[in-house]
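Chain by chain, the residues:
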Amino acid sequence: MKVLVIGGGGREHALCWKLNRSDSVSEVVCAPGNPGIAKEARCIAIGAEDIDALMQLARDEQPKLVVIGPEVPLVMGLADKLRAENFAVFGPDQAAAELEGSKSFSKALMDEAGVPTAFFETHTDPKQAEAYIRKIGAPIVIKASGLAAGKGVIIAHTEEEAIAASNDMLAGNSFGDAGSQVVIEEFLEGEEASCLFIVSGDTILPLASSQDHKALLDGDNGPNTGGMGAYSPAPCVTPEVEQEVLNTIAKPIIAALKKRGANFIGTLYAGIMLTNKGIKTLEFNVRFGDPECQPLMSRLQSDLGEVLLAAAESRLGGVHLDWDSRKALCVVVSSDGYPASFEKGQAINGLDAVEAAGTTVFHAGTSEKDGSIVNNGGRVLGVTSLGESVLEAQETVYKALENLDWKGGFFRKDIGYRAIKREQKS
Ligand code: AMP
Ligand code: GLY
């Protein structure tokens, strides 16, 4: 079958890479794609947010399946429009995508469904927000309610920092409209993990566990980013944790959405924190994680095209997923300066040597200029490898990265450290 993938980041490169290796898939088309994706798919230069042009592309291409990678087109209602024209779509409708598009909606629905999460209030008025911050005290977490590419969360260590962040968001300075409502919530401590599920109606199929590294700097310091590296599986997600996340988080939230008439077909991503008071939900996303998707697709052995088509056609029941028993680890190389401003257009060399050293290089913010690959975004590459242990996968990636010739690139040196610590203890 022909599959149309929407998006052009590292996640979509991993999806196209896996689809291209699926027996059920004869052709992959991707909009807009990137130079890495171009090795796996026919790329069409239409942006992932250009809904009208994407609709026309679907009409012209007549794919058997459309896979929507990023959150923005989902929140804009691309899946609804495609379904209205009878395309099989993997990605939730607009009403269900609110789960990611609005943190205030998501928190309210978690409350309604009894899903464990940090206590919180939602505010639009700076004075009332300040009063709540004073009442709770620091540390405290301030979140822009709308979409902010993973950057709209401030962990404030003092009340003053929290008030400044809240005022700034509400004034529209830092995140525009996305910050016109803020969620102010309890600071949770513990180990984080990403629990993803393929969902189709009442069928909820868990994917292997993974763990992201959201902070910019080694040791989980510095500002939050979209994610600086990930690995799978995450040893902190034991079979018991996995079962509890399925029963107390995934099932009730999907049921609560259904009660509101929202149909979920796509990936449900529960960001969880294992606290000493139990498992709490940090957030929901309605798509594969980026970079979690890169190690997950590296380990998935099942035919991805068949699985996603089964979900899109509401016949996911009975589908079973097979995983490589090895561990996978992905290190994100970003542009120096990210998540703030950075210089674009710098040549990136040595990519073939990085791959020859045993990795797959997933492209994110790259483009092609005068025949060479240049950086064109904040997160640029996801260098991924498999290993018998997380340590082995990590060593392969970092050794391979010695071949990368890009002075303006930056990556964390400790991706996987929690799992490696566990491996060394056992
Ligand atoms: P979110 O987009 O809500 O997942 O937030 C992004 C990141 O901020 C999470 O992955 C956590 O690392 C951190 N974070 C979010 N909420 C909290 C919280 N209540 N307590 C501590 N850290 C948090
Ligand atoms: N890696 C975190 C996310 O995709 O939201």
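In this report, the structure presented in the accompanying data block is examined. Model, not experiment: these values are computed from the prediction.

A short note on the site of ligand 1
Stage number 1. Around ligand 1 sit 15 residues in total, of which E185, E186, L188, E192 and E283 are the nearest.
Stage number 2. At a separation of 2.8 Å, a nitrogen atom of ligand 1 approaches a polar backbone atom of L188.
Stage number 3. Out of a free accessible area of 460 Å², ligand 1 has 94% covered by protein chains.
Stage number 4. Those elements giving two or more residues to the shell around ligand 1 turn out to be β7 (140–144), β8 (153–156), β9 (182–186) and β17 (278–285).
Stage number 5. Taken together, the residues of the shell around ligand 1 break down into seven nonpolar, one polar and seven charged.

Topic: the packing of aromatic side chains
Any aromatic ring pair is given by two values, namely how distant the centres are and how the planes are angled relative to each other.
Stage number 1. Counting across every chain of the model gives three aromatic pairs.
Stage number 2. Between W17 and F362, the aromatic rings sit 5.6 Å apart at their centres with planes inclined by 90°, giving edge-to-face as the arrangement. Residue W17 is located in helix α1 (residues 10–19), and its partner F362 is located in strand β19 (residues 360–363); the two are separated by 345 residues in the primary sequence.
Stage number 3. Note on W17: relative accessible area 15%, which makes it buried.
Stage number 4. Owing to a relative accessible area of 0%, F362 belongs among the buried residues under this scheme.
Stage number 5. A cation over an aromatic ring shows up here: R287 above the ring of Y269, its NZ or CZ 6.0 Å from the ring centre.
Stage number 6. Over the aromatic face of F411 sits the side chain of K413, whose NZ or CZ is 4.5 Å from the ring centroid.

Concerning the site of ligand 2
Stage number 1. Near ligand 2 you find D212, K214, G226, Y269, N285, R287, G289, D290, P291 and E292, and these make up its full shell.
Stage number 2. Look at ligand 2: alone it shows 190 Å² of surface, and the protein chains cover 91% of it.
Stage number 3. For the shell around ligand 2, the class distribution of residues is two nonpolar, three polar and five charged.

Remarks on helix α6 (residues 103–113)
Stage number 1. Of the positions making up α6, those classed as buried are K103, S104, F105, S106, K107, L109 and M110.
Stage number 2. At the exit of α6 stands G114, carrying a positive phi of roughly 70°.

Digging into the sheet that holds strand β6 (residues 120–123)
Stage number 1. Overall, antiparallel pairing links the four strands, which are arranged β6-β9-β7-β8 in an open sheet. Unpaired on one side and paired on the other, β6 and β8 mark the two borders of the sheet. Taken pair by pair, the neighbouring strands of this sheet meet at an average axis angle of 20°, ignoring direction.
Stage number 2. Here β7 pairs with β9 via five bridges, running antiparallel. Within β9, the position partnered with I140 by the bridge is E186.
Stage number 3. Lying over the sheet, helix α8 (residues 159–170) contacts β6, β7, β8 and β9, oriented at roughly 10° with respect to β7.

Focus: the pattern of salt bridges
Where charged atoms from two side chains of opposite charge approach closely, those side chains can pair.
Stage number 1. Considering all chains together, one arrives at 28 salt bridges under this definition.
Stage number 2. A salt bridge links R287 to E100, with the nearest nitrogen and oxygen atoms 3.0 Å apart. One end of the pair, R287, is in the loop between β17 and α10 (293–299); the other, E100, is in helix α5 (residues 94–101), and 187 residues separate them in sequence.
Stage number 3. With relative accessibility at 11%, the residue R287 sits in the buried group.
Stage number 4. Among the salt bridges present, the one from E283 reaches K103, with a minimum N-O distance of 3.8 Å. In this pair, E283 is assigned in strand β17 and K103 in helix α6, connecting sequence segments 180 residues apart. Judged on exposure class, the residue E283 and its partner K103 are both buried.
Stage number 5. Residues joined in a network through salt bridges with shared partners are D218, D220, R412, D414 and R418.

A word on the packing of helix α7 (residues 126–136) against α8
Stage number 1. Running from N to C, α7 and α8 point in directions that differ by 155°, and their axes come no closer than 10 Å. One way to sum up the angle between α7 and α8 is to call them roughly antiparallel. Judged by the sense of rotation from one axis to the other, the crossing of α7 with α8 is right-handed. Judged by residue contacts, P126, A129, E130, I133 and R134 of α7 engage E159, E160, A162, I163, S166, N167 and L170 from α8.
Stage number 2. Along the lines of polarity and charge, the residues of the contact of α7 with α8 split into six nonpolar, two polar and four charged.

Re the nonpolar core
Stage number 1. By size, the foremost hydrophobic cluster in this structure holds 78 residues, and its most contacted members are L268 and I272.
Stage number 2. Looking at this core, the element that brings in the most residues is helix α9 (residues 239–259), giving nine residues.
Stage number 3. Ignoring anything within four residues of it in the chain, the contact list for L268 reads L99, C195, L196, F197, V199, A250, I253, I254, F284 and N285.
Stage number 4. If you look at the next biggest cluster of nonpolar residues, it comprises 38 residues, including W17, L207, F288 and A312.

About the criteria used
- Residues numbered from 1 in each chain as written.
- Chains lettered and ligands numbered in written order.
- Predicted model: local features only at pLDDT ≥ 70, side-chain atom pairs only at ≥ 80, totals over all residues.
- Heavy atoms only, no water.
- Near = heavy atom within 4 Å.
- Polar contact = N/O pair within 3.5 Å; in protein donor to acceptor, adjacent residues only side chain to side chain.
- Areas by Shrake-Rupley, 256 points an atom, 1.4 Å probe, with all protein chains shown as cover.
- Helix = DSSP H or I, 4+ residues; strand = E, 2+ residues; numbered from the N terminus.
- Nonpolar A, V, L, I, M, F, W, Y, C, P; charged D, E, K, R; others polar.
- Phe/Tyr/Trp six-rings, centres within 6.5 Å; stacked < 30°, edge-to-face > 60°.
- Buried < 20%, exposed > 50% of the residue type's maximum accessible area, 1.4 Å probe, protein only.
- Lys NZ or Arg CZ within 6 Å of the ring centre and 35° of its normal.
- Pairing = 2+ DSSP bridges.
- Axes fitted to C-alpha atoms, helices over the stretch in contact; angles between N-to-C directions.
- Contact = heavy atoms within 4.5 Å.
- Salt bridge = Lys/Arg side-chain N within 4 Å of Asp/Glu carboxyl O.
- Parallel < 35°, antiparallel > 145°, perpendicular 65-115°, else oblique.
- Left-handed = near helix turned anticlockwise from the far one by under 90°.
- Core = buried A, V, L, I, M, F, W, Y, C linked by side-chain atoms within 4.5 Å.

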